[in-house]
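Structure at a glance
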Amino acid sequence: MDLISNMDALFKPRSVAMIGASATPGKLGYDILYNLIHAGLKGPFIPSTPKPTNFWTQVYKDISSLPTRRTWPLS
């Protein structure tokens with residue numbers, strides 16, 4: 001494998017688990033989320049935050065409650 005194909009996982013991820021997601025504008029977790037969405041992330045997005053938050057997808061309270069990669073939705 002060459003260096004370019006090794007970088008695809010970083011620059012073209014199939015899915016993203018984000019620890020510290022936020023629905024509050026101005027917070028870092030919100031800004032990262034906004035940028036991921038508007039950059040065209042096509043795969044599943046799995047947010048984690050200890051605070052109750054309304055996202056368009058299921059939110060996980062902590063890292064230990066995240067689904068394993070094998071159970072992530074792939075579409």
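Keep in mind that this is a model prediction, so the values were computed, not measured.

Notes on the pairing of strand β1 (residues 16-19)
Here β1 shows one buried face, formed by Val-16 and Met-18, and one open face, formed by Ala-17 and Ile-19. Across four bridges, β1 lies against strand β2 (residues 45-48) in parallel orientation. Each residue of the ladder has a partner; that of Ala-17, found in β2, is Ile-46. In terms of handedness, the path from β1 via helix α2 (residues 28-38) over to β2 forms a crossover that is right-handed.

Details of the layout of surface pockets
Of the pockets and cavities examined, the largest pocket occupies roughly 160 Å³. Gly-20, Ala-21, Ser-22, Ala-23, Thr-24, Lys-27, Thr-49, Pro-50, Lys-51, Pro-52 and Thr-53 are the residues that line the largest pocket. Residues that form the lining of the largest pocket fall into these classes: four nonpolar, five polar and two charged.

Cut-offs used in this document
- Residues numbered from 1 in each chain as written.
- Predicted model: local features only at pLDDT ≥ 70, side-chain atom pairs only at ≥ 80, totals over all residues.
- Heavy atoms only, no water.
- Buried < 20%, exposed > 50% of the residue type's maximum accessible area, 1.4 Å probe, protein only.
- Helix = DSSP H or I, 4+ residues; strand = E, 2+ residues; numbered from the N terminus.
- Pairing = 2+ DSSP bridges.
- Right-handed = clockwise from strand over helix to strand, strands pointing away.
- 1 Å grid on protein atoms, 1.4 Å probe; cavity = no way out; pocket = protein on both sides within 12 Å on 5 of 7 lines; lining within 4 Å.
- Points joined across faces, edges and corners; volume = space filled by probe spheres on them.
- Nonpolar A, V, L, I, M, F, W, Y, C, P; charged D, E, K, R; others polar.

Honestly, it's all geometry; don't read function into it.
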